[in-house]
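One letter stands for each residue in the lines below.
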Amino acid sequence: MLKIAYHPIYKHPLPPGHRFPMEKYELLPQQLLHEGTCSEENFFEPQFPDEKYILAVHDRDYFRRLKNLELDRKEVRKSGFPLSQVLVDREQIIADGTIKGVHYALENGIAMNIAGGTHHAYSDHAEAFCLLNDQAIAAQYLIDQSLAKKVLIVDLDVHQGNGTAEIFQKNDQVFTFSMHGKSNYPFKKERSDLDIALPDQTGDEEYLKILKATLPKLIEQQQPDFIFYLCGVDILVTDKLGRLGCSVQGCKERDRFVLQTIHHHNIPLQCSMGGGYSQDIKIIIDAHANTYRLAQQIYF
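Residues numbered from 1 in each chain as written. Predicted model: local features only at pLDDT ≥ 70, side-chain atom pairs only at ≥ 80, totals over all residues. Heavy atoms only, no water.

> Could you clarify how one ought to interpret the layout of surface pockets in this entry?
Quantified by volume, the largest pocket comes out at close to 460 Å³. Forming the boundary of the largest pocket are 31 residues, of which His-120, Ala-128, Phe-129, Leu-241 and Tyr-277 lie nearest the centre. Elements with a contribution of two residues or more to the lining of the largest pocket: helix 4 (73-79) and helix 5 (85-108). By residue class, the composition of the lining of the largest pocket is 12 nonpolar, 12 polar and 7 charged. (1 Å grid on protein atoms, 1.4 Å probe; cavity = no way out; pocket = protein on both sides within 12 Å on 5 of 7 lines; lining within 4 Å. Points joined across faces, edges and corners; volume = space filled by probe spheres on them. Helix = DSSP H or I, 4+ residues; strand = E, 2+ residues; numbered from the N terminus. Nonpolar A, V, L, I, M, F, W, Y, C, P; charged D, E, K, R; others polar.)

Rendered as structure tokens:
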């Protein structure tokens, strides 16, 4: 069965007019249940993880100050969210959803997190709606628990996974692959193990051609025994914070190719949703829901 991490805390209250579409975390599971893609038993509720798993990738002093709400004004502004205890709790619970997801992925082939994909969180600071890096925490957890020797992170959000690249820059057991918009935030990119920067308005055909030429070869070269997939839907032409030109159908074909390729190689997979900032919330939900629809079709 497809297991999906979800907790009501994922939908965090934000000031009026805030540009982050927090309501998607409530609407997406509702849509999946409404259309019959998932049932209640597909979902599990994460809790607080053991802090040692967070501290395996995040700086101790940063995490202490985050928990104690001691970040300064500049650090809070860089995070993109007003700092509160509930927000810090939310970030830890999201990370636990991804940690627990790796066990479900090892059992069932795949697991998913309604939230997560917080790839802008560095080891020592928050950035761009990301305070703790859920997939980095879970990747290090896999290695430390001897559940995997080589991990591949496939980051197809429109923004480069700069925090993930920084965290694993000296770790040969985790290979970071980011395919993103060249002109998109972050304007100062980090160096992933493999970066593919796409020009503005790259559409379905070119996007899929590059991905299909890259991913199978990368899996053959790296021989990972676990893969994380960050499946942001901000590659859409309608996205307010993206500069690429993909359609909803093109985004769906991206997910189909990634899931089929990884399933074909029989490598356990954990998916975190990442970004999506189209003006019409229905477009965001449909594009995210496609990932779950495909997971059910391909794996179950």
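Once you've had a look at it, read on.
> It is not clear to me how unusual backbone geometry should be interpreted in this structure. Could you clarify?
Trans is the common state for peptide bonds, and a negative phi is the common state for residues other than glycine. Of note, the bond from Tyr-185 into Pro-186 is cis; its omega dihedral lies within 30 degrees of zero at -5°. Within the fold, Pro-186 resides in the loop between strand 5 (174-181) and strand 6 (194-198). One non-glycine residue, Ala-128, adopts positive backbone phi at about 50°. Inspection of the secondary structure assignment puts Ala-128 in the loop between strand 3 (110-113) and helix 6 (134-144). Look at Gln-201: it is not a glycine, yet its phi comes out positive at around 65°. Within the fold, Gln-201 resides in the loop between strand 6 and helix 8 (204-222).

> Where do I start with the sheet that holds strand 5 in this structure?
Strand pairing in a sheet is mediated by backbone hydrogen bonds. Such pairs are either parallel or antiparallel. Read from one edge of the open sheet, 8 strands run 2-1-3-8-7-4-5-6, paired in parallel fashion. Across the chains shown, the open sheet's two edge strands, defined by having one partner strand only, are strand 2 (43-44) and strand 6. As paired elements, strand 3 and strand 8 (residues 269-272) share 4 bridges and run parallel to each other. Pairing of Asn-113 across the sheet is with Ser-272, part of strand 8. Sitting on the sheet, helix 8 is in contact with strand 4 (151-155), strand 5, strand 6 and strand 7 (226-230), with an inclination near 175° to strand 5. Contacts from helix 10 (residues 281-299) reach strand 1 (3-5), strand 3 and strand 8 within the one sheet, and its direction differs from that of strand 3 by about 165°. (Pairing = 2+ DSSP bridges. Contact = heavy atoms within 4.5 Å. Axes fitted to C-alpha atoms, helices over the stretch in contact; angles between N-to-C directions.)

> What am I meant to see in the packing of aromatic side chains here?
To describe a pair of aromatic rings, one takes the distance between the centres and the angle between the planes. Under the criterion given, the structure shown has 13 aromatic pairs. Note on Phe-20 and Phe-129: the rings are 4.9 Å apart at their centroids and 65° apart in plane angle, and the pair reads as edge-to-face. Placement of Phe-20 in the loop between strand 1 and helix 1 (24-34) and of Phe-129 in the loop between strand 3 and helix 6 is noted, with a sequence separation of 109 residues between them. Phe-129 sits in the buried class, given a relative accessible area of 10%. On the numbers, 4.8 Å between centres and 45° between planes, the contact of Phe-44 with Tyr-104 is tilted. Of this pair, Phe-44 sits in strand 2 while Tyr-104 sits in helix 5, and the two are 60 residues apart along the sequence. Accessibility expressed as a relative area gives 9% for Phe-44, which makes it buried. For Tyr-104, a relative accessible area of 24% puts it in the partly exposed group. (Phe/Tyr/Trp six-rings, centres within 6.5 Å; stacked < 30°, edge-to-face > 60°. Buried < 20%, exposed > 50% of the residue type's maximum accessible area, 1.4 Å probe, protein only.)

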